[in-house]
Amino acid sequence: MTSQTAPKGTTPSSDQIRRAPKVLLHDHLDGGLRPGTIVDLAREAGYSHLPEADPDKLGIWFREAADSGSLERYLETFSHTVGVMQTRDALVRVAAECAEDLAEDGVVYAEVRYAPEQHLSGGLSLEEVVEAVNEGFREGERRARANGHRIRVGALLTAMRHAARALEIAELANRYRDLAGGGVVGFDIAGAEAGFPPTRHLDAFEYLKRENNHFTIHAGEAFGLPSIWQALQWCGADRLGHGVRIIDDIQVQADGSVKLGRLASYVRDKRIPLELCPSSNLQTGAAASYAEHPIGLLRRLHFRATVNTDNRLMSGTSMSREFEHLVEAFGYTLDDMQWFSVNAMKSAFIPFDERLAMINDVVKPGYAELKSEWLFQQTASTSGSVASEG
Ligand SMILES: O=c1[nH]cnc2c1ncn2[C@@H]1O[C@H](CO)[C@@H](O)[C@H]1O
Ligand SMILES: [Zn+2]
């Protein structure tokens, strides 16, 4: 009798990719609305600037408009999503649908970010914005559970890097942490990168460090190594939003050997999480194709790489779609997916014991279950042949 082991290197099917437990650290609330919801909310609010009235056409418009090769033009599309997210009800609805959609896609843990300062034009206070979004996330978690999915969603509060409210938003994030049942788990800065170095907001980062709080910084997306260096060595970021340009500090020699510069070594040695967002990078010009995306090399070199959506609406994507692209480009298996998911869960901003429990009780068992499916397929086919031989 020959002993059987799990087939190595099998390509996961789309269905397996969707069912696999996935962990998402970088997703913008205002970059993930359902097109139909934008149309509804625009009608309710009397927002008359939408470029398309039909949801399908509107979805296509966002993808095409964001496909500009420039981060600045990519960001212009957000005026329409932010434009319809100015009331409490709109924020609750968008946040609830976000949690529902992620859960439906097999995401078990997500940190979703948004900039409270961009949701004040309807008269809400910063606190009311945060409370509405938290309420929406809890509602979405409940609806997901009713549909047989389990997801936990934490919020990251973003400050816009061209503005001057970072300290105020950092204080807000600090006030809304440690809420029972979920709340604000950290802070971020986003927006155009060139010309707006993270050190402009040093006061906010120093405040958060003194409060023992967590933050990530969008860096190394549209601008290169100096931005990453500042984010880590001046600001003390726990994680890098994108960080993809760390590749500029890695040299692959003609013989295939690899040489890391000091910054790339630091990032790898200190296990700094990279919140990589492949589809988004293709749209803003940070990478030319999935096959050429630095994630392939970074994974091989064992950087703490994670896979993320960034903006599901603008990129027409989901966590499953991102993994489908990577499976196709790099031949990734369920073991690779598990590696990325465990990396992301280790890098989350919730407490260590909760991260560990998510890894051991949710992520690993989920992959073990998927990986064992071949056994039952095997049993079904061999039992047929044994019966016919008997
Ligand atoms: O990839 C990105 N890089 C930098 N900023 C971004 C990206 N995606 C979205 N935002 C910005 O973050 C704000 C809050 O969610 C969005 O309104 C958008 O302006
Ligand atoms: Zn982003």
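As the structure is a prediction and not an experimental result, all values here were calculated from the model. (Residues numbered from 1 in each chain as written. Chains lettered and ligands numbered in written order. Predicted model: local features only at pLDDT ≥ 70, side-chain atom pairs only at ≥ 80, totals over all residues. Heavy atoms only, no water.)

1. Some words on the pairing of strand S2 (residues 107–114)
Counted only if it meets this: Remark: exposure states derive from per-residue accessible area (1.4 Å probe, protein chains only) relative to the maximum for the residue type, with buried under 20%, exposed over 50%, and partly exposed in between. For the purposes of this entry, the term helix denotes a DSSP run of H or I that reaches at least four residues, the term strand denotes a run of E that reaches at least two, and both are numbered from the N terminus. Criterion used throughout: strands pair if DSSP finds at least two bridges between them.
Burial runs high along S2: eight of the eight residues are buried. Across five bridges, the pairing between strand S1 (residues 22–28) and S2 is parallel. Looking across to S2, one finds that leucine 24 is bridged to alanine 110. Pairing analysis gives six bridges linking S2 to strand S3 (residues 152–160), with the strands arranged parallel. Counterpart to alanine 110 in the pairing with S3 is valine 153.

2. Concerning the nonpolar core
The tendency in soluble globular proteins is for nonpolar side chains to be buried side by side. Quick reminder of the rule: We call a set of buried Ala, Val, Leu, Ile, Met, Phe, Trp, Tyr and Cys residues a nonpolar core when their side-chain atoms join them within 4.5 Å. We call two residues in contact whenever any of their non-hydrogen atoms come within 4.5 Å of each other.
Leu29, Phe137, Phe187, Ile217 and Phe303 are the most contacted members of the largest nonpolar core, which totals 114 residues. For this core, the element with the most residues is helix H6 (residues 88–104), which contributes nine residues. Other than its neighbours up to four places away in sequence, phenylalanine 303 contacts Ile250, Leu260, Ala264, Val267, Arg268, Arg271, Leu274, Leu298, Trp339 and Asn343.

3. Some thoughts on the environment of proline 12
By secondary structure assignment, the location of proline 12 is in the segment before helix H1 (14–19). A relative accessible area of 7% means that proline 12 is categorised as buried. For the pair proline 12 and leucine 334, spaced 322 residues apart in the sequence, the C-alpha separation amounts to 6.2 Å. When sequence neighbours within four positions are dropped, the list of residues in contact with proline 12 reads Ile17, Val327, Tyr332, Thr333 and Leu334.

4. Regarding the packing of helix H10 (residues 225–234) against helix H11 (residues 262–269)
Our working rule: As a rule, the C-alpha atoms of each element are fitted with a line to give its axis, helices using only the stretch in contact, and angles between N-to-C directions run from 0 to 180 degrees. Any angle that is under 35 degrees is reported as roughly parallel, and any over 145 degrees as roughly antiparallel; angles of 65 to 115 degrees are reported as roughly perpendicular and all others as oblique. Each crossing gets its hand from how the near helix is turned against the far one by less than a right angle, where anticlockwise is left-handed and clockwise is right-handed. Throughout this entry, Asp, Glu, Lys and Arg are counted as charged residues, while Ala, Val, Leu, Ile, Met, Phe, Trp, Tyr, Cys and Pro are counted as nonpolar. The remaining residues, Gly among them, count as polar.
Interhelical geometry of H10 versus H11 gives an angle of 45° and a closest axis separation of 11 Å. Considering the angle they form, H10 stands oblique to H11. Here H10 and H11 pass one another in a crossing that is left-handed. Only Leu263, Tyr266 and Val267 of H11 make contact with H10, whose side of the interface consists of Leu225, Ile228, Trp229, Leu232 and Gln233. Of the residues assigned to the contact of H10 with H11, the class counts are seven nonpolar, one polar and no charged.

5. Focus: the environment of glycine 220
Note that glycine 220 resides in the loop between strand S5 (216–219) and H10. Measuring from C-alpha to C-alpha, the distance between glycine 220 and tyrosine 109 comes to 25 Å, with 111 residues separating the pair along the chain. Ignoring anything within four residues of it in the chain, the contact list for glycine 220 reads Glu193, Ser227, Ile228, His242, Gly243, Val244 and Arg245.

6. A word on the packing of aromatic side chains
Threshold: Two rings from Phe, Tyr or Trp (for Trp, the six-membered ring) form a pair when their centres sit within 6.5 Å of each other. Planes less than 30 degrees apart are called stacked, planes more than 60 degrees apart edge-to-face, and all others tilted. Two thresholds decide whether a charge sits over a ring: the Lys NZ or Arg CZ must be within 6 Å of the ring centre and within 35 degrees of the ring normal.
With the rule as written, the count across this model stands at nine aromatic pairs. Among the aromatic residues, ring-to-ring pairing joins Phe323, Phe330, Tyr332, Trp339 and Phe340 into one connected group. Taking the ring centre of phenylalanine 349 as reference, the NZ or CZ of arginine 239 above it sits at 3.8 Å. One Lys or Arg, arginine 299, reaches over the ring of tryptophan 339 and ends 4.1 Å from the middle of that ring.

7. Some remarks on the coordination of the zinc ion (ligand 2)
Rules: A donor here means any N, O or S atom no more than 2.8 Å from the metal (3.2 Å for Na, K and Ca); water is not included, so a site may seem to lack partners. Note on geometry labels: four donors, all angles 85 to 135 degrees, give tetrahedral; four donors become square planar and six octahedral when opposite donors are over 155 degrees apart and every other angle is between 65 and 115; remaining cases are irregular.
For the zinc ion (ligand 2), the full set of protein donor atoms is His26 (NE2), His28 (NE2), His218 (NE2) and Asp310 (OD), and the range of their distances to it is 2.1 to 2.2 Å. Every donor counted, the four donor atoms about the zinc ion (ligand 2) form angles of 83 to 170° at the centre, which fits irregular coordination. Mapping the donors of the zinc ion (ligand 2) onto the primary sequence gives the spacing H-x1-H-x189-H-x91-D. You can see histidine 26 sitting in strand S1 and its partner histidine 218 sitting in strand S5, a full 192 residues away along the chain. Of the two residues examined, histidine 26 and histidine 218, each falls in the buried class.

8. A closer look at the pattern of salt bridges
Two side chains that carry opposite charge are able to pair once their charged atoms sit near each other. The test is simple: One side-chain nitrogen of Lys or Arg within 4 Å of one carboxyl oxygen of Asp or Glu is enough to make a salt bridge.
Within this structure, the stated rule accounts for 25 salt bridges. Among the ionic pairs, arginine 142 bridges to glutamate 139, the shortest N-O distance being 3.1 Å. Of this pair, arginine 142 and glutamate 139 both sit in helix H7 (residues 126–146), three residues apart, which is roughly one turn of that helix. We classify glutamate 139 as partly exposed; its relative accessible area is 25%.

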